[in-house]
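# Topology and contacts: notes
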Amino acid sequence: MMVAPIELEIGEAIGAPVERKEDHKLLVGQAQWVDNMRVPGMAYMAVVRSPYAHARITRVDVAPALAHADVVAAYSAADLQEEWAGSLPCAWLPTEDTKAPPHLPLAADKARYVGDGVAVVVASSRAAAEDAAELVEVEYEPLPAIVDPEAALAEGAPLVHDELGTNRCYTWRLDAGEVDALFDEAEVIVRGRFRQNRLIPTAIEPRAVLVQPLPANGEFTMWSTTQVPHIARVTLSGVLGIPEAKLRVIAPDVGGGFGSKLNVYAEEALALGLARRLGRAIKWTEGRSEGYLATIHGRDQWQEIELAANADGKISAVRARVVAAMGAYLQLVTPGIPLLGAWLYAGAYDVQGYSFECTGVFTHTTPTDAYRGAGRPEATYAIERAVDALAAKLGKDPVEVRRLNFIREFPNAIAAGLTIDSGDYDAGLDLALGTAGYKELRTEQAERRAKGDPKRLGIGLSTYVEMCGLAPSKILGAIRYSAGGWDTATIRCLPTGTVQVLTGVSPHGQGHETTWSQIAADLLGYDVDEIEVLHGDTAVVPLGMDTYGSRSLAVGGVALYFAAERIVAKARLIAAHKLGVEPSQVDYVRGRFTGPEDSIALKDIALAAWTAHDLPDGVEPGLEASFVYDPPNFSWPSGAHLAVVEVDTETGNVEVLRYIAVDDVGTVVNPLIVDGQIHGGIAQGIAQALFEEAVYDDDGNLLTGNMVSYLVPSAPDLPSYELDRTETPSPTNPLGVKGVGETGAIASPAAVINAVCDALAADGVTDIQMPATPERVWRALEEAKR
Amino acid sequence: MIPAPFDYEVAESVEHAVELLGGREDAKLLAGGHSLLPVLRLRFARPALLVDIGRIEALSYVRDAGDRIAIGALTRHHDVVGAALLQEHCPLVPYAAGLIGDPQVRHRGTIGGSLAHGDPAGDLPAVLLALDGEVDVVGPEGTRTIAAAELFRGPFETALGPQEVMTEVRVPKLTGDHGWSYLKFRRRSMDWATVGVVAVVKGNGSIEEAAVGLVSMGATPLRARATEQALLAGESDPAALADDGTDPPSDTNGSAEYRRHLVRVLVRRALEEARPG
Ligand SMILES: Cc1cc2nc3c(=O)[nH]c(=O)nc-3n(C[C@H](O)[C@H](O)[C@H](O)COP(=O)(O)OP(=O)(O)OC[C@H]3O[C@@H](n4cnc5c(N)ncnc54)[C@H](O)[C@@H]3O)c2cc1C
């Protein structure tokens, strides 16, 4: 059925700062967290974890744990072997020869990182399970460990998986244009080598899982703190050999994920396997320090970037090489994460030559995977740092070099091979510079230097573009991702004047219930409060690809638009019938059909469709429609961020004095939610730049294993953000939306470190590794003095 | 993140607490719990019995004691911050207490717990040391007074016996001739000090008394004795000696080398700030 586009009246609900529908229940303590749930017969699971990063497991004896009065069962890896029909899933093997070693929920022969599960205990309380877990006797034969991904590639490095004969997981390349020739012709070449510090996502809600079996029917219901209930169902049915239709996965309220819950974990498989074996409900809740070992980490890469440019600073080509830590095993999308930045190492700049290479490497560390931005913060950091280096080399203002290179024609087929939908990079930069008072800041900076103030001022820019809205299924197939990038929406207009919206994108803090209500309200002419949004339960919404990669609105939200078109198309037939005219004679505006003489509300048609007393021939009863939307392109948010920092040259302390962010995320449905997403993203980006780093010692012990030593900043440590935006709708979808979940985290590390280096440029400092701790800043200054 | 099993008793009075401590081996006092509970949850400590003194209200007070201010050991950091007597006579103490942790920590944690825990990274131990304060402890043999200089023995180790309860902390009243400063250098607002520096200086024109306390520069809170002597001798750069005799740790917040540098910067700044008049 071909349908005419709906005339959208943007501005009634879409674009309004509607307060989040979700918040009341969160604030009054009525949220449904997995850890709060209790079902009859529930037992608790605890995992015995390796204290060694690399060790042969020579003996596991669970008998002492079984002797504990409250223990129900205890198993070693060998005891559970027959529960598994397959490995834990990795859905993205980027090359044909990518090495994907087996990854079972418990390690049998060898432990490969501190935290690797080696045995499991089930008891009648969580405390008893943890007590008994200590009683399990495991004998280890410790082996040398390797934690740095570059060192892991060296000849003779300890192997994470002996049978592979190497720690190299894959090497993936992308070459476009005459890169070597452009470098040969270049008048200026700048090079940068950067470290992407390993980060721990630290969602406010730790992971938890509860599985309730219905043994008589072979059915299982799993409540999990997951971003991806649908993907979990598909993949866990394979791990456990449970028919997909017999497995129901529910993500109730989920307290953040930042990518860490875009995964399918050993504990989910264990809870399912134990529930099946024991015939009773099993629950597991992660401790915070346990989570720091057992939940994925982000980043951990070494990057090298080279720019070829002419003497004016016009860049002709970019060459980038990345060595990325996979950790000890491949989790759901581990190998693909650095590749999500593969097309962005030229940033917002127009180049002819482009070459990118990434090598994934196993190390004896917690597996890495998606963390807010996933690949794009890394790419943005490399190019934005390199552009500043180019400006410094030419003695030019970094603003000028950026302007010289901006992409200005849209859509733009970039050298790397994709097409940027839309943008206006100058507009964002102008706004940011204006808000900041760029000239005045430069004057103040010079004055401070002139009078020898030990507290230097630094100004740093990050003019980024990113690709999100994952993703066209065809492209995902071409890069060997093993699922599609579509998503679903269903609209059900109930007879009594309210609407159910079902979405396949399962939120975990983003406010989908509010945003989707706003869109449905505008399209269908209801109040925001008359829309109920359902999600996160595979029995309620069987199809979906869930929430990550800033995709929800750009894919799931657009599916909602097209489902609304189907509702309106069907309702139009009924409306015309009621008004006694032809469908073509009926106009539709925001919930009302108007014919030449009379009009009728969509709500009345919903009732008429339900009674079905008087429908046109061939029209089914009910007013319900679904749509599965596969986006034709990624969406490409962009913007200009500007950080102003003060660096104390005596102590090395960095303080972010001001942070200005101008983002273009396409159409803004809810400015409060958009600002909130940007705030959180910037906070995590500043955290990467200045505070957070997962540090391992040479033996593979995590030295930052709790929230005292792993420095997640909080409100007093961060400035108040000065936000502004430009709105360039994406031409590839009817809502014009792009995506906002990750922009802050993508843009900000570069802005902050550019500012720190700018502050210390006159002192001879050219680079400081993230996080720019006081000690690192002090050492960089000492180094520069020599 | 769940402590190993332990028994729990509520003490009705100091004497009751002493008695309960004596009844069981491996018993521990519980005050605000903000140092002890994290240790229990990580299972670094496994006491068999916790004796909760958190409800002995008689141990929560701030009183004028002549040339000193007396603070009950169970006074919460938050109440120390707000105590008018301390604000008037020894504002260094409430200022430093106000920099501890975050509001939650300050509402639970107690001054006695802070001192008895003996954490070389704690703020108040170095403050007490620089002020030459003292504490009273009650044990099976009665009450004794321990001077700050004798209190701190090693990392998480104090002069208190296993059956002793700290009851009172006393700090001197500062006068118009005193200047003071507390500089706490930390990565995040709620963190322990990477390095902390307490300076208390007395003098009208020339310096008569000088005390410099150091946080996180060794196994216990320390005094920067070389700096103090150089100050009294009128030497030109006393702060340059601030790391003399220290043995700073190396951890993810900073290497020993960096801490040695940092303490010299902070001592210089603290002395500038503390200079009376
Ligand atoms: C997140 C966080 C941040 C923190 N930040 C800081 C900081 O920046 N600076 C800082 O100095 N501290 C900090 N602390 C520690 C805080 O100050 C604690 O409150 C304090 O160290 C201990 O006091 P408490 O009353 O909680 O003692 P508890 O935890 O109850 O006890 C600590 C120890 O002292 C013993 N004890 C307690 N009271 C007595 C007594 N009256 N007599 C004898 N023994 C006793 C206990 O047996 C135990 O061994 C922080 C704590 C947390 C959780």
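Residues numbered from 1 in each chain as written. Chains lettered and ligands numbered in written order. Predicted model: local features only at pLDDT ≥ 70, side-chain atom pairs only at ≥ 80, totals over all residues. Heavy atoms only, no water.

### Side note on helix α12 (residues 425-436) of chain A
A turn of α-helix holds 3.6 residues, and therefore any two residues three or four places apart point the same way. Residue and element names in this part refer to chain A. Spanning twelve residues, α12 covers 17 Å between terminal C-alpha atoms, matching the ideal 16 Å at 1.5 Å per step. Regarding α12, the residues found buried are Y425, D426, G428, L429, A432, L433 and A436. Projected down its long axis, α12 carries its buried residues within an arc of 160°, all on one side. Buried positions along α12 lie against α11 (398-405), β17 (419-420), α13 (438-450), β18 (455-465), β26 (638-648) and β27 (654-664). In the stretch just after α12, G437 is the one whose phi turns positive, near 70°. (Helix = DSSP H or I, 4+ residues; strand = E, 2+ residues; numbered from the N terminus. Expected span 1.5 Å × (residues − 1). Buried < 20%, exposed > 50% of the residue type's maximum accessible area, 1.4 Å probe, protein only. Arc of directions from axis to C-beta. Contact = heavy atoms within 4.5 Å.)

### Let's talk about the site of the ligand
Residue and element names in this part refer to chain B. Close to the ligand lie 29 residues, the nearest being L29, G33, L36, T110 and D123. Between an oxygen atom of the ligand and a main-chain N or O atom of L36, the distance comes to 2.7 Å. Sorting the residues of the shell around the ligand by element identifies β2 (27-30), α7 (111-117) and β10 (165-172) as the ones contributing at least two each. The greatest single-element share of the shell around the ligand, amounting to four residues, is contributed by α7. Of the residues that constitute the shell around the ligand, the class distribution is twelve nonpolar, twelve polar and five charged. (Near = heavy atom within 4 Å. Polar contact = N/O pair within 3.5 Å; in protein donor to acceptor, adjacent residues only side chain to side chain. Nonpolar A, V, L, I, M, F, W, Y, C, P; charged D, E, K, R; others polar.)

### Things to note about the confidence of the model for chain B
Here chain B averages 96 in pLDDT, while 99% of its residues score no lower than 70. Here the prediction assigns the complex a pTM of 0.97, and the interface score ipTM is 0.97. (pLDDT = per-residue confidence, 0-100.)

### Here we look at the interface of chain B and chain A
Facing the 25 residues of chain B at the interface are 31 residues of chain A. Taking both partners together, chain B and chain A bury about 2,400 Å²; carbon and sulfur atoms supply 51% of that area. One can count seven salt bridges joining chain B with chain A. Here A:E650 and B:R268 are joined by a salt bridge, their closest N and O atoms 2.9 Å apart. Of the residues forming the side of chain B that touches chain A, the biggest block, seven residues, is contributed by helix α11 (residues 256-274) of chain B. For the side of chain B that touches chain A, the per-class residue count stands at eleven nonpolar, six polar and eight charged. (Buried area = accessible area lost by both parts, 1.4 Å probe. Salt bridge = Lys/Arg side-chain N within 4 Å of Asp/Glu carboxyl O.)

### Some details on the side chain of A:T334
When you line up the elements, A:T334 lands in the loop between β14 (315-327) and β15 (353-362). Once you skip the residues sitting within four places of it in the chain, A:T334 turns out to touch A:M326, A:Y329, A:T368 and A:D369.

### Focus on the domain arrangement of chain A
Residues and elements named next belong to chain A. The domain architecture assigned to chain A consists of domain 1 (23-31 + 486-629), domain 2 (34-143 + 206-254 + 261-294) and domain 3 (373-470 + 634-785). Spacing between the C-alpha centres of domain 1 and domain 2 amounts to 39 Å. Taken together, the contact between domain 1 and domain 2 spans 18 residues of the former and 15 residues of the latter. Among the residues of domain 1 in contact with domain 2, H508, T538 and D546 are the three that bury the most area, contributing 38% of the side total. Taken together, domain 1 and domain 2 are joined by two salt bridges. For D537, the salt bridge is made with R248, and the minimal N-O distance between the two is 2.7 Å. Per-class residue counts for the side of domain 1 that touches domain 2 are seven nonpolar, eight polar and three charged. (Domains from an automatic or database assignment.)

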